[in-house]
Amino acid sequence: MERGYGWVDRSGQTRMKVVHLTAPETISVRNIPVRCEFGPGELLLEPVLVGLTGSDLLRYRLGPPIVHGFRRPHIPGGEFVARVVACGRGTASRKLLGKRVVGNPVCPCMKCEWCLEGNRHQCPNVRVLGWPPVNGAMRQRFAWPADLCIEVPESMSGEVALLAAPLSLALSIVDNAHLPVMGKVAVIGAGQLGLMLIKILRAVGAGDVLSVDPNEYRRKLAVRHGATAAVDPYESVEFVRQWPRKGADVSIDVTNASEGSREAVATTRVGGHVIIAGIPRDNRILFNARDARQKELAMQFVRRPYKPLDRALQFLQLGTLAGIEELVTHTFPMEQAAEAYDLMRSRSDGVVKTILEMPPYQPAEESPARVYMEEAEEPRPS
Ligand SMILES: [Zn+2]
């Protein structure tokens, strides 16, 4: 698609606050001139809330991308609730003007074999909001394709709507689990995705759900959100031996540790399913191959949601996930983004999910003398 660009603010006032990742584990909030454009089929968005995700934390550790030998400051953030301030040409969504939307952060190419076969979540050419080279939502305005954005119902709070994107991934994991009704599940890791899975699994008819996590406060949270039991990793195998088939029908690894997959394999019954959806910090997974082979386990990796976000929004409206907003444990103003990241990194103060409240966009008094090109990977208009 040929992209048409136009200045959003005809007065040329594009100074805005952004969260910048300037070095590994270094965040600063700046007020800088940013080029802010939107093309056909895109919405211009003003974020209201932005969630910190596991991917954001991984990027935080890695630091901004190195371009021509220098660190290029990067704007993170892929999970957002935003208000629509303008619609590009060709968007059949003028009715969205002024409304709140949530957006899928993954933008498929729509040209490759996987996209054409309908498996857009497997597209190898995706652009991901908040992952280099694409700057993310932690700024006061940005553009994103209209067909990836879904209107948030008026009655839904921003905090709950923000959970639609991670919930969408959790639902895809459950789809892949082939879980029998009243089946037994072990969820390895009780972070935001693990806790969300526990809630969904109970809502869709899982029998027992065992949560496995080394942190005591997370184990307590897991029980509060519906786990039938929560144990430390070293107790997990012993625990599932009490189950009729001496293991879980399905074990799901949602940790960021390479040992998570070992736990998942060890706790699954003979002939069971293992789902691996965590991103191990050191890029390795470990499991006992003999154990997996002798049990003839079916293993499935799940990376991205494969259904649009509206399914997750509908699920949130059903009310069967009551109390899900409690997963948002900490809210910071955008100006305190560095503290928000630090809290997520340290896992202190009972944190599960941290979100940023974005300040409303205020046009600057003076026009900036120069303008930053914000997404360098985009072709310039000819
Ligand atoms: Zn594609």
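Scoring rules and cut-offs
- Residues numbered from 1 in each chain as written.
- Predicted model: local features only at pLDDT ≥ 70, side-chain atom pairs only at ≥ 80, totals over all residues.
- Core = buried A, V, L, I, M, F, W, Y, C linked by C-beta atoms within 7 Å.
- Buried ≥ 20, exposed ≤ 12 C-beta atoms within 10 Å, placed from the backbone.
- Helix = DSSP H or I, 4+ residues; strand = E, 2+ residues; numbered from the N terminus.
- Domains from an automatic or database assignment.
- Contact = placed C-beta atoms within 7 Å.
- Pairing = 2+ DSSP bridges.
- Axes fitted to C-alpha atoms, helices over the stretch in contact; angles between N-to-C directions.
- Parallel < 35°, antiparallel > 145°, perpendicular 65-115°, else oblique.
- Left-handed = near helix turned anticlockwise from the far one by under 90°.
- Nonpolar A, V, L, I, M, F, W, Y, C, P; charged D, E, K, R; others polar.
- Expected span 1.5 Å × (residues − 1).

It is worth spelling out the nonpolar core at this point. Counting residues in each nonpolar core, the largest one holds 104 residues, and the members touching the most others are Leu43, Ala164, Ala170, Ile173, Val185, Leu197 and Ile252. Looking at this core element by element, the count peaks at 8 residues for helix H4 (residues 164–176). Lining this core are residues from two domains, each supplying at least three of them: domain 1 (15–166 + 307–357) and domain 2 (168–301). Not counting chain neighbours up to four residues away, the residues in contact with Ile173 comprise Leu197, Ile252, Ile275, Ala277 and Val302.

With that settled, consider the sheet that holds strand E15 (residues 248–253). One open sheet holds the 6 strands; their spatial order is E14-E13-E12-E15-E16-E17, and the pairing between them is parallel. The open sheet terminates on both sides in strands that have one partner only, identified here as strand E14 (229–231) and strand E17 (298–301). Averaged over all pairs of adjacent strands, the angle between strand axes in this sheet comes to 20°, irrespective of strand direction. As paired strands, E15 and strand E16 (residues 268–276) are joined by 5 bridges and run parallel to one another. By the bridge assignment, Asp253 is partnered in E16 with Ile276. Sheet strands in contact with helix H5 (residues 192–203) are strand E12 (185–188), strand E13 (209–212) and E15, and its direction is about 175° off that of E13. Against the sheet, helix H8 (residues 260–267) touches E12, E13, E15 and E16, its axis set at about 180° to E15.

This next bit is on H8. Of all 8 residues in H8, 7 are buried; the element is thus mostly enclosed. Every buried residue of H8 is accounted for by Gly260, Ser261, Glu263, Ala264, Val265, Ala266 and Thr267. In this structure, the buried residues of H8 make contact with E12, E13, helix H7 (233–240), E15, E16 and helix H9 (289–294).

This brings us to the pairing of strand E2 (residues 26–33). Inspection of the sheet shows strand E1 (residues 15–23) paired to E2 by 8 bridges, in the antiparallel sense. Bridge pairing in E2 places Met16 opposite Ile32. Linking two consecutive strands that pair antiparallel, namely E1 and E2, is a turn of 2 residues; a positive phi of about 55° is found at Glu25 within it.

Attention now goes to the environment of Gly69. Looking at where Gly69 falls in the secondary structure, it is placed in the loop between strand E4 (66–67) and strand E5 (70–71). Expressed as a C-alpha distance, the spacing of Gly69 and Ser236, which sit 167 residues apart in the sequence, is 47 Å.

Moving on, we come to the environment of Pro166. Here Pro166 shows up in helix H4. Classification of Pro166 as buried rests on a count of 21 C-beta atoms within 10 Å. Excluding anything up to four places from it in sequence, Pro166 contacts Gln192, Leu193 and Met196.

It is worth spelling out the packing of H4 against H5 at this point. In contact at an axis separation of 9 Å, H4 and H5 are set at 60° when each is read in the N-to-C sense. One finds that H4 runs oblique with respect to H5. The two elements H4 and H5 cross, and the hand of that crossing is right-handed. Of the residues in H5, those in contact with Pro166, Leu167, Leu169, Ala170, Leu171, Ile173 and Val174 of H4 are Gln192, Leu193, Met196, Leu197, Ile200 and Leu201. By residue class, the composition of the contact of H4 with H5 is 12 nonpolar, 1 polar and no charged.

With that settled, the discussion passes to H5. Here H5 is 12 residues long and its end C-alpha atoms lie 17 Å apart, about the 16 Å a rise of 1.5 Å per residue gives. H5 sits mainly inside the fold: 10 of its 12 residues count as buried. When we look at burial in H5, the residues that qualify are Gln192, Leu193, Gly194, Leu195, Met196, Leu197, Ile198, Lys199, Ile200 and Leu201. Residues of H5 that are buried in the fold lie against H4, E12, E13, helix H6 (216–224), E15 and strand E19 (353–357).

Examined at the domain level, the protein chain breaks down into domain 1 (15–166 + 307–357) and domain 2 (168–301). The interface of domain 1 with domain 2 comprises 17 residues on the first partner and 17 residues on the second. Sorting the residues of the side of domain 1 that touches domain 2 by element identifies helix H1 (54–62), H4 and helix H10 (309–318) as the ones contributing at least two each. Residues of the side of domain 1 that touches domain 2, tallied by class, amount to 11 nonpolar, 3 polar and 3 charged.

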